[in-house]
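Each chain, written out:
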Amino acid sequence: VFSQWNSPSLTVIPWELNILRPLPWKSFEKFIAPTQQTSRTSDFLTKITAKIYVVPEDPSKEGKDGNKRSSEGAVICDALAVAVGIDPGGVITGFTQTHVEVDTRKGMTKGMTLCDWGCYDGVERPKNVKWVTDVDVKKYEELLQQALID
């Protein structure tokens, strides 16, 4: 995937960053709250997150299907990726250029995303990916607000 990319830069928002910078619960609940001005987008977001992000009376208890709410907020990877795509300069606050490829060899690591963080094996590889290390959650919230409510 990464070796075949012909654009100057591919941006990756890793899963771990989504965990570190979730959408705060207060904002999430505002976005999915039923209103008379509900948009198709907020209806869709509500439906796809209903099983995962249950609003329990007691946040420490499990929700539907045994899912627990994280203490920090809702992890909505696609929404963060779209926010970065719409306004990368406003949402991305930290990144590093690095070489990334997917292991296609047979074995336990087949399919693993491999990042060359510093040429530790002596082989210089092209830095083909912008690896996002931090985002502005407030800007992410603003963009979601515009898409879902405004």
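> Before we go on, may I ask you to explain the nonpolar core in this structure?
The biggest cluster of nonpolar side chains holds 21 residues, and the ones touching the most others in it are Leu23, Phe28, Ile76, Val91, Tyr140 and Leu144. When residues of this core are traced back to their parent elements, those giving at least two are α2 (25-32), α4 (77-86), β6 (129-135) and α6 (137-148). With near-sequence residues (within four places) excluded, Leu23 lies in contact with Phe28, Phe31, Glu72, Gly73, Ala74, Ile76, Tyr140, Glu141 and Leu144. Formed by 5 residues, the second largest nonpolar core is a distinct cluster that contains Val12, Val100, Val129 and Trp131.

> Help me understand the side chain of Asp103, please; the structure alone is not making it clear to me.
Counting through the fold element by element, Asp103 comes out in the loop between β4 (92-102) and β5 (113-116). Within the structure, the side chain of Asp103 is placed 2.4 Å from the side chain of Thr109, a separation counted as a polar contact. Discounting residues that sit within four places of it in the chain, Asp103 has contacts with Thr109, Lys110, Gly111, Met112 and Leu114.

> What's the story with the sheet that holds strand β1 (residues 10-12) in this structure? I'm lost.
Strand pairing in a sheet relies on backbone hydrogen bonds. The paired strands run either parallel or antiparallel. Taking strand neighbours across the sheet as the criterion, the 4 strands line up as β1-β6-β4-β5 in an open arrangement whose pairing is mixed. This sheet does not close on itself; its edge strands, each paired only once, are β1 and β5. Ignoring which end each strand starts from, the neighbouring axes of this sheet average 45° apart. Note that β4 and β5 share 4 bridges and pair antiparallel. Bridge pairing links His99 to Asp116 in β5.

> In this structure, what is going on with the packing of aromatic side chains? I would like to understand it.
Here a ring pair, both rings aromatic, is described through the centre-centre distance and the interplanar angle of the planes. Evaluation of the coordinates by the stated rule reveals 2 aromatic pairs. Between Trp25 and Phe28, the ring centres sit 5.7 Å apart and the planes meet at 80°, which makes this aromatic pair edge-to-face. With Trp25 and Phe28 both in helix α2 and 3 residues apart, this pair spans about one turn of that helix. For Trp25, a relative accessible area of 11% translates into the label buried. What makes Phe28 buried here is its relative accessible area of 0%. With centroids separated by 5.5 Å and ring planes inclined at 90°, the aromatic side chains of Trp117 and Trp131 adopt a geometry described as edge-to-face. Pair noted here: Trp117 is in the loop between β5 and β6 and Trp131 is in strand β6, with a separation of 14 residues, a long-range link. Residue class for Trp131 comes out buried when judged on its relative accessible area of 13%. Lying over the aromatic face of Phe95, Lys130 brings its terminal NZ or CZ to 4.5 Å of the ring centre.

> How should the pattern of salt bridges be read in this particular structure?
Once their charged atoms are close, side chains differing in charge can pair, the charge on each being opposite to the other. Here the structure, examined in full by the defined rule, presents 6 salt bridges. Among the salt bridges present, the one from Lys139 reaches Asp87, with a minimum N-O distance of 3.4 Å. On the criterion of sequence distance, the pair formed by Lys139 in helix α6 and Asp87 in the loop between α4 and α5 (88-91) is long-range, its members being 52 residues apart. When its relative accessible area of 23% is taken as the criterion, Asp87 is described as partly exposed. Among the ionic pairs, Arg105 bridges to Asp103, the shortest N-O distance being 2.9 Å.

Reading the values: rules and limits
Residues numbered from 1 in each chain as written. Predicted model: local features only at pLDDT ≥ 70, side-chain atom pairs only at ≥ 80, totals over all residues. Heavy atoms only, no water. Core = buried A, V, L, I, M, F, W, Y, C linked by side-chain atoms within 4.5 Å. Buried < 20%, exposed > 50% of the residue type's maximum accessible area, 1.4 Å probe, protein only. Helix = DSSP H or I, 4+ residues; strand = E, 2+ residues; numbered from the N terminus. Contact = heavy atoms within 4.5 Å. Polar contact = N/O pair within 3.5 Å; in protein donor to acceptor, adjacent residues only side chain to side chain. Pairing = 2+ DSSP bridges. Axes fitted to C-alpha atoms, helices over the stretch in contact; angles between N-to-C directions. Phe/Tyr/Trp six-rings, centres within 6.5 Å; stacked < 30°, edge-to-face > 60°. Lys NZ or Arg CZ within 6 Å of the ring centre and 35° of its normal. Salt bridge = Lys/Arg side-chain N within 4 Å of Asp/Glu carboxyl O.

On their own, these measurements won't tell you what the molecule is for.
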